[in-house]
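# Structural overview
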Amino acid sequence: MLCLVQARVSSKRFPKKMIKKINGNSILGILIDRLKLSKKISKIIVLTSKDISDDQIVKICKLKRVEFYRGPLNNVAKRFYNAISTNNARSFMRICGDSPLIDHNLIDSAIEKFEFKKYDLLTNIFPRSFPKGQSIEIIKSKTYKKNFEHFNKNQKEHVTTFFYQNFKKFKIYKLKNDIDQSKINLSIDTLEDFNNIKKLIYNSNFKPVPYKKMVNNYKKLI
């Protein structure tokens, strides 16, 4: 499975969060390390922009020895379109760069379910029942490319919104959690989130922890 990670430095709510470090490793770097634990991901490509500020994203990619693609700053959807076209991928997984605690076991389970049947889209955020920061979306490339030209300005920035707003037109597999943990935040949108994630990472002794255990730690520490 091709895994496409969207990341940029010029975040509106928390600028430069991708390059913030915890114990010497950047947020993006921590995420890449977690993704590399997956047995089902065949390639990781970080999608960033051509803006000079994202030179720092490229440096992290080179350090972690993963591929990167640079495209339009605001047209994120175009970055995805070009990446899947260049790699001739039948399907791809979309992961946000602000999710350093992503559970690779959850990823592998999702890929298995997607491969078992022919879906246009597999998602665990429509509706959300998993914690923020554990968001997984897998999309059939043919479906994405066929509908890309119909994306409006907002949908070009928020890549999968088009499919959710037109959900009746697509075959969507909705992953549901055992219990609703949608209010648990394991992603980074603010400085407060960053400090919370730092606590969780130090508490786990910098080792990858299954998201269920991370949720328990979250409830104790945050």
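Residues numbered from 1 in each chain as written. Predicted model: local features only at pLDDT ≥ 70, side-chain atom pairs only at ≥ 80, totals over all residues. Heavy atoms only, no water.

### Quick word on the side chain of Arg 8
Here Arg 8 lies in the loop between strand S1 (2-6) and strand S2 (21-22). By relative accessible area, Arg 8 is classed as buried at 18%. (Helix = DSSP H or I, 4+ residues; strand = E, 2+ residues; numbered from the N terminus. Buried < 20%, exposed > 50% of the residue type's maximum accessible area, 1.4 Å probe, protein only.)

### Details of the side chain of Ser 91
Examined against the element boundaries, Ser 91 turns out to sit in strand S6 (residues 91-96). Not counting residues up to four positions away in its chain, the partners in contact with Ser 91 are Met 1, Leu 2, Phe 114, Ile 139, Lys 140 and Ser 141. (Contact = heavy atoms within 4.5 Å.)

### Topic: unusual backbone geometry
A cis amide bond links Phe 126 to the next residue, Pro 127, at an omega of 0°. With respect to the helices and strands, the residue Pro 127 is situated in the loop between strand S7 (121-123) and strand S8 (137-140). With a phi angle near 60°, Asn 205 is a residue other than glycine that sits in the positive phi range. Take Asn 205: its relative accessible area is 49%, and that puts it in the partly exposed class.

### Regarding the packing of helix H8 (residues 191-203) against helix H9 (residues 211-221)
With their axes 10 Å apart at the nearest point, H8 and H9 run at an angle of 115° to one another. Note on packing geometry: the crossing formed by H8 with H9 is right-handed. Mapping the contact onto sequence places Lys 199, Leu 200 and Asn 203 in H8 and Met 214, Asn 217, Tyr 218 and Leu 221 in H9. (Axes fitted to C-alpha atoms, helices over the stretch in contact; angles between N-to-C directions. Left-handed = near helix turned anticlockwise from the far one by under 90°.)

### Quick notes on H9
Taken residue by residue, H9 has Tyr 211, Met 214, Val 215, Asn 217 and Tyr 218 as its buried positions. One side of H9 holds all its buried residues, which, seen down the axis, span an arc of 165°. Residues Lys 219 and Lys 220 are exposed on H9 and point more than 90 degrees away from its buried face. Contacts made by the buried residues of H9 are with helix H4 (104-116) and H8. (Arc of directions from axis to C-beta.)

### Notes on helix H1 (residues 27-35)
The buried count for H1 comes to eight of nine residues, which makes it a mostly enclosed element. Buried residues of H1: Ile 27, Leu 28, Gly 29, Ile 30, Leu 31, Ile 32, Arg 34 and Leu 35, and no others.

### Describing the sheet that holds S7
Strand order in the open sheet made by the seven strands is S5-S4-S1-S6-S8-S7-S9, with mixed pairing throughout. Two strands close off the open sheet at either side, each with one partner strand: strand S5 (67-71) and strand S9 (172-174). The sheet shows a mean angle of 20° between the axes of neighbouring strands, taken without regard to direction. Taken together, the three bridges between S7 and S9 define a ladder with parallel strand orientation. What sits directly across from Leu 122, in S9, is Tyr 173. (Pairing = 2+ DSSP bridges.)

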